Amino acid sequence: MSADRMAQNLIGLIIVAGLAVIATAWGFQLIGGYIPCKLCLEQRIPYYVGLPLAVLALILHIRGRGGLALLTLLAVATVFAYGAGLGIYQSGAEWQFWDGPNDCGGGSAAPASVANMLQALQSTRVVSCTEANWRMLGLSFAGWNAVASAGLAALALLSAFLLKRRENQTTIGA
């Protein structure tokens, strides 16, 4: 398989894997009933930014705009590296390695009327950024997000490397 084709496949993998991760987060929230904290919601932003950029990189690559695709992939890698950093920060706070943010909590929207306020106060659950709601193989949601984001950043860097190598070979061969 050529480096060009492999880069294209890796960009596609970034898109599919990233969509699976963000869909899983939404699934745990909407179906599983897990209420995300402030940091959890912030960890979704790299997906909302990085996935459209990955789609743009794929389109640029298909249209033969390798240089722009390469720059876009570097932006994708940066965005997901930031997301991995957020996940590591929250995981460390959950394990009490360091303090978490002072203003972190979550819950549902404010009640629509005064009559519903008492009921809302009884049913609202404040979510802490420093307590893991769930763990699998020792990692919380934040920990798994750090792993997923780091993997997506690595895939973006590998794709960018393959595109750069292709450009160098094209320049040398010309």
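Note that the coordinates shown come from a computational prediction; the quantities given were computed from them, not determined experimentally. (Residues numbered from 1 in each chain as written. Predicted model: local features only at pLDDT ≥ 70, side-chain atom pairs only at ≥ 80, totals over all residues. Heavy atoms only, no water.)

**Q** Just checking my understanding: could you explain the overall build of the protein for this structure?
**A** A count of helices and strands for the protein gives six helices and two strands. Along its sequence from the N terminus, the protein presents helices and strands in the succession α-α-α-α-α-β-β-α. By residue count, 34% of the 174 residues in the protein fall in the buried class. Counting contacts in the protein only where the partners sit at least 6 residues apart, residues at least 24 apart contribute 76% of the total. Surface accessibility of the protein: about 9,900 Å² in total, with carbon and sulfur atoms responsible for 66%. (Helix = DSSP H or I, 4+ residues; strand = E, 2+ residues; numbered from the N terminus. Buried < 20%, exposed > 50% of the residue type's maximum accessible area, 1.4 Å probe, protein only. Contact = heavy atoms within 4.5 Å. Areas by Shrake-Rupley, 256 points an atom, 1.4 Å probe, with all protein chains shown as cover.)

**Q** Just to check I follow, could you spell out the nonpolar core for this structure?
**A** One recurring pattern in soluble globular proteins: nonpolar side chains tend to sit buried together. Counting 27 residues, the largest nonpolar core has Ile-14, Tyr-47, Leu-73, Val-76, Phe-80, Leu-152 and Leu-163 as its most contacted members. The set of elements that each furnish at least two residues to this core consists of helix H1 (3-30), helix H3 (45-62), helix H4 (66-94) and helix H6 (141-173). Considering each element in turn, this core owes the most residues, eight residues, to H6. Residues contacting Val-76, with those up to four places away along its chain left out, are Ile-14, Gly-50, Leu-53, Ala-54 and Ala-156. (Core = buried A, V, L, I, M, F, W, Y, C linked by side-chain atoms within 4.5 Å.)

**Q** Please explain the side chain of Ser-149 as it appears in this structure.
**A** Checked against the element boundaries, Ser-149 lands in helix H6. Ser-149 sits in the buried class, given a relative accessible area of 0%. Those residues in contact with Ser-149, other than ones at most four positions away along the chain, are Tyr-47, Phe-80, Gly-83 and Ala-84.

**Q** Looking at this model, I keep getting lost on the environment of Phe-80. Mind explaining?
**A** Its place among the elements puts Phe-80 in helix H4. For Phe-80 and Gln-43, which are 37 residues apart along the polypeptide, the C-alpha to C-alpha distance reads 9.5 Å. Once residues lying within four places of it in the same chain are set aside, the contact partners of Phe-80 are Pro-46, Tyr-47, Gly-50, Leu-51, Ser-149, Leu-152 and Ala-153.

**Q** Can you help me understand the packing of H1 against H3 in this one?
**A** Each pair of packed helices can be described by the angle between their axes along with the distance between the axes. One can describe the packing of H1 onto H3 by two numbers: an axis separation of 10 Å at closest approach and a directional angle of 155°. Here H1 is positioned roughly antiparallel relative to H3, judged by the angle of their axes. The handedness of the crossing between H1 and H3 comes out as left-handed. Judged by residue contacts, Asp-4, Gln-8, Ile-11, Ile-14, Ile-15, Gly-18, Leu-19, Val-21, Ile-22 and Trp-26 of H1 engage Tyr-47, Tyr-48, Leu-51, Ala-54, Val-55, Ala-57, Leu-58, His-61 and Ile-62 from H3. Grouping the amino acids of the contact of H1 with H3 by side-chain chemistry returns 15 nonpolar, three polar and one charged. (Axes fitted to C-alpha atoms, helices over the stretch in contact; angles between N-to-C directions. Parallel < 35°, antiparallel > 145°, perpendicular 65-115°, else oblique. Left-handed = near helix turned anticlockwise from the far one by under 90°. Nonpolar A, V, L, I, M, F, W, Y, C, P; charged D, E, K, R; others polar.)

**Q** In this structure, what is going on with the environment of Met-6? I would like to understand it.
**A** Mapped onto the elements of the fold, Met-6 is located in helix H1. For the pair Met-6 and Ser-159, spaced 153 residues apart in the sequence, the C-alpha separation amounts to 7.7 Å.

**Q** Sorry if this is basic, but what is going on with H1 here?
**A** Side chains that are three or four residues apart share a direction in an α-helix, a result of its 3.6 residues per turn. With 28 residues, H1 extends 40 Å from end C-alpha to end C-alpha; this agrees with the ideal 40 Å at 1.5 Å per step. Within H1, the full set of buried residues consists of Ala-3, Ala-7, Leu-10, Ile-11, Ile-14, Ile-15, Gly-18 and Ile-22. For H1, the capping residue at the N-terminal end is Ser-2, with a side-chain oxygen 3.1 Å from the backbone nitrogen of Arg-5. (Expected span 1.5 Å × (residues − 1). Polar contact = N/O pair within 3.5 Å; in protein donor to acceptor, adjacent residues only side chain to side chain.)

**Q** Whenever I open this one, the confidence of the model for the protein confuses me. Can you help?
**A** Atom-level detail of predicted coordinates should not be read off regions where pLDDT is low. On average, residues of the protein score 81 in pLDDT, and 77% of them reach the 70 mark or higher. When pLDDT is averaged over each helix and strand of the protein, the minimum, 57, is found for helix H5 (residues 117-123) and the maximum, 95, for H3. (pLDDT = per-residue confidence, 0-100.)

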